[in-house]
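Breakdown of the fold
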Number of protein chains: 2
Amino acid sequence: MSSSEFDLIESILRSQSLRRDDVTLGIGDDCALLDVPQGMELAVSLDTLVSGRHFFPDAAPELIGHKVLAVNLSDLAAMGAEPAWVTMGLTLPDADEEWLAGFMRGFSALSSNYGVQLVGGDTTSGPLTVSLQVHGLVPAGKAIRRSGARPGDLVFVSHTIGDAGLALAMLQGRITPTDELQTLRQRLESPQPRIELGIALREVATAAIDLSDGLASDLGHICERSQCGAVIETHELPLSDAVRTLSDWRLAVSAGDDYELCFTIDSSRQERVTQLSKELDLRLTCIGKIRQQPGIDFLSSGGSCESNLQGYDHFPESDS
Amino acid sequence: MSSSEFDLIESILRSQSLRRDDVTLGIGDDCALLDVPQGMELAVSLDTLVSGRHFFPDAAPELIGHKVLAVNLSDLAAMGAEPAWVTMGLTLPDADEEWLAGFMRGFSALSSNYGVQLVGGDTTSGPLTVSLQVHGLVPAGKAIRRSGARPGDLVFVSHTIGDAGLALAMLQGRITPTDELQTLRQRLESPQPRIELGIALREVATAAIDLSDGLASDLGHICERSQCGAVIETHELPLSDAVRTLSDWRLAVSAGDDYELCFTIDSSRQERVTQLSKELDLRLTCIGKIRQQPGIDFLSSGGSCESNLQGYDHFPESDS
C-alpha cells in the first residue's frame, strides 16, 4: 500500500465519534495516554482473528468488524470488567475503501453501544488479520477469575448454546442447511458480549469464563484453575429448538463461538441469579455442579454418563 | 495446529521468569489484571510486524523476538514512559518448537532488561505475524507529545541515523555489500529502544518521536502536530563513517528503522542536553531548528536547499 492509502485507513480509523473523558491522548501520537481511576484495576485481553480461520474470507465486513470486537469484549465480560478502550492492529491485503468502511461500521456500532473508544492502532500490508486489545476497568479485587469455583458450587450458563456451532456445521456442509440457518447464522456472525451480566456477577459468581471453544473445553479451564471437576446434567443444557431437533447436546458442548458466559456460584446464591435473569431479561440456566474429583462428566436423565468431550477446533480443515 | 501444539506454545510463552508486583493476574485467565499506581498515566501502543514486510522470513528467530519488542518499547521511549507490561498476539504457520524457543529467547532477554512482564496473549494458526501491545507508565501530565514543538526550538537526534537503512539497501542488493555489513546489520536487526533517554527527556523536551519511517517523515509528524516546520543542517546530521562513505545524508533522512529519538527543546535547555549525553553515554546532536513556516528544508553547508524528502517504505517491492 502507498502512504496515501495508509492515510486513508488512518482517517477511517479516526472517524469514530466517541470521545471519553479518561482518554488524555487518543490516536495520532507514539502512544495513547489513558487515565485509570483510583481503586480500579485494569483488565486487558488481546485476541487475533485470522481470515479463513475465525471468519470466512468473504464474510460481510460489517460482521467481521462486529465479531472482532464482540469476542474481545466477551473476555472483559467474563472478568466482570467494564469496557473502556480498544487498540487495533489491522493487516490488510489492499486498501479497499468500501471494505474498510463496512468493517468500521460494524465495529463502531458495537463500540458505541458499550462506550468503548478506539485509542490507537497500526495498519500494515499483508494477509487479512485483525488483532484487538480491549482494556476494561474493574473495582480492585472484584474481578471474577477462573480459579474461584469450589465443590458444591452450581454451574450456570447464559442464553442457549450450540447455535453458532450448528450454523457453522451447516455452512461447512456437515449438516444439511434448513430454514433456521439465517437465524442461527446471526448467532455465529454477530455474537453479543454479555457485559451487563459479567458486571452483575462480580458480587455473585465464584468463577466465570466466556464460551469461545465450547462448554466442555471452557468449563474444563475453570475446573483446571480451580482444581476441581464438574457433573453436567445434559437434559438441563439450554438448547434452541434447532439444536435440539437437528443435532444434540454433544454438539452444544463441543462446538465453540457461543460467547455466552459459563459461571459458578455458591448454592446459597441461586435466588439472586433468578432475580438477575429477570432484571437482564436473559435466560440463566443451572446445568450442573462442581465436584472435588477432576474431569467433567455429562449425565443424561437416563443415567448414562459421558466424559472427555473435546472443545471444537474452528475450521479444522484449513489447518496446517 | 492441534490443541497440544497450542499447549506447547502457551507453556513457552509462560516460561518467562519475570514477575512484577503490579501484575495482579498474569497469563491464564480471560484477562490480565494490572495495577496502575495513583498519579500515573497509562501509555499504550500496539504494533504489528508481518513476515516479509518488517523482517526477512528467514531471519533468526532471536532477532525477530528482540526486534518486535524493541520497536514497541521505542514508542514508549518517545513518550517518556517507563515500560511495564506487554501482551502478544502470535500467528504462526506451524508449531515449530525450535523457532519459538529462539523467538522467546530474543524477546525475554530484552524484556528482562527493562523489567517488562508478558501478561497475556493469543496464539493462532496462519501467516507469520506478531502483534504486540506495550503498556508503560508516566507521571500524569509529563508525557512528551508530538505536538509541543515551538518556533525557535532546537531539533536533536540520538546516536547516528541511516545505518539500518544502509544495511537494508545492502541486503536487498541496492548497494554493494562491504565489510561493514555485519555491524550495520546489527543496527537493522537489533535496535536499542532509547528508554532511559525518553524518561530523562520528560523534563527537557517540548516534543519527541521515535524514528521508524525516517527522519524526514517522522520529524514531519512533529511539525504537523505542532503546526510548524523545520530547517535541518545536513552537515550536522550524525552519520556513521559507513553511511558517510557509502551513501549520503539523503539515505539517512529517508530510510527508516533507526529507532533513535528525534526531539525538540527550548534553546535555553541546550546545556542540559549536553549533560544528559554524558550521563547516558549517548550521542545527542543538534541538527536544526523549528520554524513557523510549514515543511522541512534540508540545508547544505554550501547553501543549497532540498525539501519534500519522503519517508522510506520498507520492502516496497513486496507490496501489493
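Going by what an unreviewed UniProt entry lists, chain A is known as Thiamine-monophosphate kinase and is assigned to Solemya velum gill symbiont. Taken directly from UniProt, the Sequence similarities (unreviewed entry) text for chain A runs: "Belongs to the thiamine-monophosphate kinase family."

Let us now look at the pattern of salt bridges. Applying the stated rule across the entire model yields 28 salt bridges over all chains. Here arginine 291 of chain A ties to aspartate 297 of chain A by a salt bridge, and the two come within 2.7 Å at their closest N and O atoms. Since its relative accessible area comes to 15%, arginine 291 of chain A is described here as buried. Among the ionic pairs, arginine 250 of chain B bridges to aspartate 248 of chain B, the shortest N-O distance being 2.6 Å. Here aspartate 248 of chain B falls in the partly exposed class, since its relative accessible area comes to 29%. Where salt bridges share partners, they join Asp163, Arg187, Arg194 and Glu260 of chain A into one cluster.

Residues and elements named next belong to chain A. Checked against the element boundaries, aspartate 297 lands in strand β12 (residues 295–299). Residue class for aspartate 297 comes out buried when judged on its relative accessible area of 18%. Residues contacting aspartate 297, with those up to four places away along its chain left out, are Ala230, Val231, Ile232, Arg291, Cys305, Glu306 and Ser307.

Right, let's talk about the UniProt feature "binding site: Mg(2+) 3" (unreviewed entry) in chain A for a bit. With numbering aligned to this structure, UniProt lists the feature "binding site: Mg(2+) 3" (unreviewed entry) at Asp30, Asp75 and Asp210 of chain A. For the annotated residues, spread through 181 residues, the largest C-alpha to C-alpha distance comes to 32.8 Å, inconsistent with a single compact locus. As for its position among the elements, aspartate 75 of chain A is in helix α2 (residues 61–79). What makes aspartate 75 of chain A buried here is its relative accessible area of 10%. Ignoring sequence-local partners within four residues, the contact set of aspartate 75 of chain A consists of Ser45, Asp47 and Asp210 of chain A together with Asp30 and Cys31 of chain B. In this structure the side chain of aspartate 75 of chain A is engaged in a polar contact, spanning 3.1 Å, whose partner is the side chain of serine 45 of chain A. Look at aspartate 210 of chain A and you get buried, because its relative accessible area is 2%. In this structure, aspartate 210 of chain A is in contact with Val71, Ser74, Asp75, Ala78, Asp218, Tyr259, Glu260 and Leu261 of chain A together with Asp30 of chain B, ignoring residues within four places of it in sequence.

Here serine 45 of chain B is to be found in strand β3 (residues 40–50). For serine 45 of chain B, a relative accessible area of 6% gives the class buried. Polar side-chain contacts of serine 45 of chain B include one of 3.3 Å to the backbone oxygen of aspartate 30 of chain A. Beyond its immediate sequence surroundings of up to four residues, serine 45 of chain B is in contact with Asp30 and Cys31 of chain A together with Asn72, Asp75, Leu132, Gln133 and Val134 of chain B.

On the side of chain A, 56 residues touch chain B, which itself brings 57 residues to the contact. When the buried surface of chain B facing chain A is broken down by residue, Asp30, Leu42 and Leu46 of chain B rank first, second and third, together holding 14% of it. Of the charged contacts, one joins arginine 146 of chain B and aspartate 30 of chain A as a salt bridge, the two residues approaching to 3.1 Å between their closest N and O atoms. Summed over the shared surface of chain B and chain A, the result is 24 residue pairs in polar contact (both at pLDDT 80 or more). Contributing elements (two or more residues each) for the side of chain B that touches chain A: β1 (23–25), β2 (32–34), β3, α2 (61–79), β4 (82–92), β5 (117–125), β6 (129–139) and β8 (205–210) of chain B. Considered class by class, the residues forming the side of chain B that touches chain A number 25 nonpolar, 17 polar and 15 charged.

So, about the packing of α2 of chain B against helix α3 (residues 97–113) of chain B. Residue and element names in this part refer to chain B. Contact pair α2 / α3: the axes reach a minimum separation of 6 Å and the direction vectors enclose 40°. The angle between α2 and α3 places the two elements in the oblique class. At the point where α2 passes α3, the crossing takes the right-handed sense. Contacts between α2 and α3 involve Pro61, Glu62, Ile64, Gly65, His66, Leu69, Ala70 and Leu73 from the former and Trp99, Gly102, Phe103, Arg105, Gly106, Phe107, Leu110 and Ser111 from the latter.

Our next topic: the pairing of β6 of chain B. A regular strand carries its side chains on alternate faces of the sheet. Residues and elements named next belong to chain B. Counting buried positions over the eleven residues of β6 gives ten, a clear majority of the element. Judged from the eleven bridges that link them, β3 and β6 form a sheet pairing that is antiparallel. Pairing of valine 44 across the sheet is with histidine 135, part of β6. The sheet contact formed by β4 and β6 spans nine bridges and is antiparallel. When the sheet's bridge partners are listed, threonine 87 is paired in β6 with glutamine 133.

Here the focus is the relation of the copies chain B and chain A. It takes a turn of 180° to lay chain B on chain A, together with a shift of 0.0 Å along the axis; the resulting RMSD is 0.0 Å. The superposition of one copy onto the other is thereby described by a two-fold rotation axis. Among all residues of chain B, the one whose C-alpha sits closest to the rotation axis is glutamine 38 of chain B, at a distance of 3.0 Å. When the interface residues of chain B are mapped onto chain A, 98% of them are again interface residues, pointing to one common binding face.

In space, the six strands of this open sheet follow the order β1(A)-β2(A)-β3(B)-β6(B)-β4(B)-β5(B), with mixed pairing throughout. The strands lining the two open edges of the sheet, one partner per strand, are β1 (23–25) of chain A together with β5 of chain B. Along the sheet, successive strands turn relative to each other by an average axial angle of 20°, direction set aside. Running at roughly 25° to β6 of chain B, α2 of chain B makes contact with β1 and β2 (32–34) of chain A together with β3, β4 and β6 of chain B of the sheet.

Where interface size is quoted, it is often the accessible area lost as the parts come together. Residue and element names in this part refer to chain A. By the assigned domains, chain A splits into domain 1 (3–139) and domain 2 (146–318). For domain 1 versus domain 2, the separation of C-alpha centres amounts to 27 Å. Taken together, the two surfaces of domain 1 and domain 2 that pack against each other cover about 2100 Å², and 59% of this comes from carbon and sulfur. Summed over the shared surface of domain 1 and domain 2, the number is one salt bridge. Between lysine 67 and aspartate 257 there is a salt bridge whose closest N-O contact spans 3.5 Å. Viewed at the interface, domain 2 and domain 1 are joined by seven residue pairs in polar contact (both at pLDDT 80 or more). For the side of domain 1 that touches domain 2, the secondary structure elements donating two or more residues are α2, β4 (82–92) and β6 (129–139). Looking at which element gives the most residues to the side of domain 1 that touches domain 2, the answer is α2, with eleven residues. Class assignment of the residues belonging to the side of domain 1 that touches domain 2 gives a composition of 16 nonpolar, five polar and four charged.

Criteria and cut-off values
- Residues numbered from 1 in each chain as written.
- Chains lettered and ligands numbered in written order.
- Predicted model: local features only at pLDDT ≥ 70, side-chain atom pairs only at ≥ 80, totals over all residues.
- Heavy atoms only, no water.
- UniProt positions renumbered as here; feature names shortened; annotations may be inferred.
- Salt bridge = Lys/Arg side-chain N within 4 Å of Asp/Glu carboxyl O.
- Buried < 20%, exposed > 50% of the residue type's maximum accessible area, 1.4 Å probe, protein only.
- Helix = DSSP H or I, 4+ residues; strand = E, 2+ residues; numbered from the N terminus.
- Contact = heavy atoms within 4.5 Å.
- Polar contact = N/O pair within 3.5 Å; in protein donor to acceptor, adjacent residues only side chain to side chain.
- Buried area = accessible area lost by both parts, 1.4 Å probe.
- Nonpolar A, V, L, I, M, F, W, Y, C, P; charged D, E, K, R; others polar.
- Axes fitted to C-alpha atoms, helices over the stretch in contact; angles between N-to-C directions.
- Parallel < 35°, antiparallel > 145°, perpendicular 65-115°, else oblique.
- Left-handed = near helix turned anticlockwise from the far one by under 90°.
- Pairing = 2+ DSSP bridges.
- Least-squares fit on C-alpha atoms with pLDDT ≥ 70 in both.
- Domains from an automatic or database assignment.

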